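# Observations on the three-dimensional arrangement
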Amino acid sequence: MEVKLDKWHKCQTDIQILKELSKKSDIKGLQHISIFFGLLILTGVLAYLTWGTMWGIFWILVYGNIYCFSNALWHETGHRTAFKSNYLNEFFYYVSCYMAFFEPIRWRYTHFIHHGNTYSTENPYDHEIEYGNDLKNTIPKLIKEIIPFGNLAYIKNDISFEVIKHSLGIETKVMKDSIPDKVKPKSIFISRIYVFIWLLVILFSVYLNSWLPVLYFVLPHFYGKTFHKLLAFAQHAGLARNQKDHRLSAREMYLNPILSFLYWKMEYHLTHHMFPTIPSYNLEKLHHHIKDQLPKPNDGLIDAYKEIIPALMKQKKDTSYFIKKEIPQLQNV
């Protein structure tokens, strides 16, 4: 039975448990950050030492895929839940935004809209949902995204092209829809800084006569998105749009410890949307506290795509189709 809600549904929780799980920690955040950047340095060094061999290609791909999980770091620091200290959240928010090619002003506002109007195709429009409402071309675009350098085939739709347009003072649809007039100049200014850094790195590569600087600091966005893109796309793909129940529009799944770490526990994405102030390191605990009120989670990424791919194929013919999740207690909402 489908129920239209005026306000977002929230699962019943023990208030004391929720308060405890809401506590943030600089130590846990710094531990996570240290391991993440430690892995980047390690794989980057291995790529350098083996460059010119097949192992060099292997390690640069590993480096790039780890690098692109900066997207998950951007997300956690953007919610100010990675650390207890706001200055740490802000510092790593700006660092990870650059790494992810996400201009920080734009994404702070669109992410606010995304949480308040998840999978909305109306006004306000959710600009963060993968490929918007263009369901007929979703599969080809996804394939191009997960193949190294595949997104160069449609560079005009890539986030990097949006940054370039903003740097030139071009007001895109997302800027018109989401960014207040008073901060648009700041968004344009930071976009110009991004483009300037990209050009500096490219010139440095030319000076050294080496691909390594651009492979380390610019091109990961184009060759290392495979694993993160598959995970991020699965957050909402194939699910209901324009609903006030995250159990209908967001997906919960279980991942192995490595992907779960890199992803900052965002496999518990439904739980995160329902309780966005909970730090990532406490999402699993909260999930198990409310899981009897949630749809059955997908058992890994492969299991998720077993329902996503058929749904995308159906949506190509019928854009009104979506996966209908079995929701406990829906009749009591």
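Look up: the structure comes first, before these words.
Throughout, residues of each chain are indexed from 1 in the direction in which the sequence is written. Residues qualify for local features only when their pLDDT is at least 70, as the model is predicted, and side-chain atom pairs are given and counted only at 80 or more; totals for whole chains, interfaces and linings, by contrast, use all residues. In computing side-chain values, all of the structure's heavy atoms are included and hydrogens and water are not.

### Digging into the overall build of the chain
Helices and strands together make up the secondary structure of the chain, namely 18 helices and 0 strands. For 333 residues, the compact-globule estimate of 2.2 N^0.38 gives 20 Å, and the C-alpha radius of gyration of the chain, at 20 Å, lies within 12% of that figure. Across its three principal directions, the C-alpha atoms of the chain cover 65 × 45 × 40 Å. Buried, partly exposed and exposed residues are distinguished by accessible area as a fraction of the type maximum, computed with a 1.4 Å probe on protein chains only: under 20%, between the cut-offs, and over 50%, respectively. Looking at the chain as a whole, 53% of its 333 residues qualify as buried. Residue contacts follow a heavy-atom distance rule, with two residues in contact if any of their heavy atoms lie within 4.5 Å. If you take every contact in the chain between residues at least 6 apart in sequence, the share linking residues at least 24 apart comes to 70%. As displayed, the chain offers around 16,400 Å² of accessible surface, 64% of which is attributable to carbon and sulfur atoms. Residues counted as positive are Lys and Arg, residues counted as negative are Asp and Glu, and His and the chain ends are not counted. To locate a charge, the coordinates of NZ of Lys, CZ of Arg, CG of Asp or CD of Glu are taken. If you average the places of the 38 positive and of the 29 negative side-chain charges in the chain, the two averages end up 2 Å apart. Secondary structure elements are defined from DSSP: runs of H or I of at least 4 residues count as helices, runs of E of at least 2 residues count as strands, and each element is numbered from the N terminus. Every radius of gyration here is taken over C-alpha atoms, with the globule rule written as 2.2 Å times N^0.38, N being the number of residues. Using a 1.4 Å probe, accessible areas were evaluated by the Shrake-Rupley method; residue-level cover was limited to the displayed protein chains.

### Quick look at helix α17 (residues 283-290)
All of the buried residues in α17 are Leu283, Leu286, His287 and Ile290. Buried residues along α17 cover an arc of 105° about the axis, so they all sit on one side. Contacts made by the buried residues of α17 are with α1 (15-21) and α16 (269-274). The directions considered for the arc run from the helix axis to the C-beta atoms.

### What to know about the packing of aromatic side chains
Think of it this way: a Phe, Tyr or Trp ring, Trp meaning its six-membered ring, pairs with another when their centres are within 6.5 Å, and the plane angle makes it stacked under 30 degrees, edge-to-face over 60, tilted otherwise. Counted under the stated rule, the structure contains 20 aromatic pairs. Relative to Phe102, the ring of Trp74 has its centre 5.1 Å away and its plane inclined at 80°; by these criteria the two rings are edge-to-face. Residue Trp74 is located in helix α4 (residues 70-78), and its partner Phe102 is located in the loop between α5 (86-99) and α6 (104-116); the two are separated by 28 residues in the primary sequence. For the pair Trp74 and Phe102, a shared accessibility class is recorded, and that class is buried. For the ring pair Tyr254 and Tyr268, a centre distance of 6.2 Å and an interplane angle of 65° mean the geometry is edge-to-face. Of this pair, Tyr254 sits in the loop between α14 (246-249) and α15 (257-262) while Tyr268 sits in the loop between α15 and α16, and the two are 14 residues apart along the sequence. A residue is classified by how much of its surface remains accessible, and Tyr254, at 27% relative accessible area, is partly exposed.

### A word on a nonpolar patch on the surface
Two distance rules govern patches: like charges are joined within 9 Å, and nonpolar side chains (Val, Leu, Ile, Met, Phe, Trp, Tyr) within 5 Å, applied only to residues with over 30% relative accessible area and no salt bridge. Within this document, salt bridges are pairs made up of a side-chain nitrogen of Lys or Arg and a carboxyl oxygen of Asp or Glu, the two lying within 4 Å of each other. A cluster of nonpolar residues, Ile41, Val45, Tyr48 and Leu49, forms a patch on the protein surface that exposes about 460 Å² of accessible area. Positionally, Ile41 belongs in helix α2 (residues 26-49).

### Quick word on α6
For α6, with 13 residues, the first-to-last C-alpha span of 18 Å sits near the 18 Å given by 1.5 Å per residue. All of the buried residues in α6 are Pro104, Ile105, Arg106, Trp107, Thr110, His111, Ile113, His114 and His115. Residue count minus one, scaled by 1.5 Å, sets the expected span of a helix.

### Section: the packing of α5 against helix α10 (residues 184-208)
Between α5 and α10, the least distance of the axes is 11 Å, while the angle of their chain directions is 60°. Overall, the two elements α5 and α10 adopt an arrangement that is oblique. Crossing geometry of α5 relative to α10 is assigned as right-handed. Along its contact with α5, which presents Tyr94, Cys97 and Tyr98, the element α10 presents Lys186, Ile190, Tyr194, Ile197 and Trp198. Of the residues contributing to the contact of α5 with α10, the split by class is 7 nonpolar, no polar and 1 charged. Angular values range over 0 to 180 degrees, each being the angle between N-to-C directions of two axes fitted as lines to C-alpha atoms, with helices fitted over their stretch in contact. Relative orientations are named as follows: roughly parallel for angles under 35 degrees, roughly antiparallel for angles over 145 degrees, roughly perpendicular for angles from 65 to 115 degrees, and oblique for any other angle. Crossing handedness is read from the near helix: turned anticlockwise from the far helix by less than a right angle, it gives a left-handed crossing, and turned clockwise, a right-handed one. For this classification, Asp, Glu, Lys and Arg are treated as charged, while Ala, Val, Leu, Ile, Met, Phe, Trp, Tyr, Cys and Pro are nonpolar and the rest, including Gly, are polar.

### Quick notes on the pattern of salt bridges
When their charged atoms lie close together, side chains carrying opposite charge are able to pair. Per the stated rule, a full pass over the model turns up 13 salt bridges. A salt bridge links Arg108 to Glu90; the nearest nitrogen and oxygen atoms lie 2.8 Å apart. Here Arg108 is found in helix α6, whereas its partner Glu90 is found in helix α5, with 18 residues between them in sequence. Looking at Arg108, the relative accessible area reads 25%, which means it is partly exposed. A relative accessible area of 23% places Glu90 in the partly exposed class. Across the pair Lys184 and Asp181 runs a salt bridge, and its minimum N-O distance is 2.8 Å. Judged by relative accessible area, which is 10%, Lys184 ranks as buried. Given the relative accessible area of 60%, Asp181 is considered exposed. Each member of the salt-bridge network shares a partner with another, and the members are Arg80, Glu90 and Arg108.

Read these as geometric descriptors, not functional statements.
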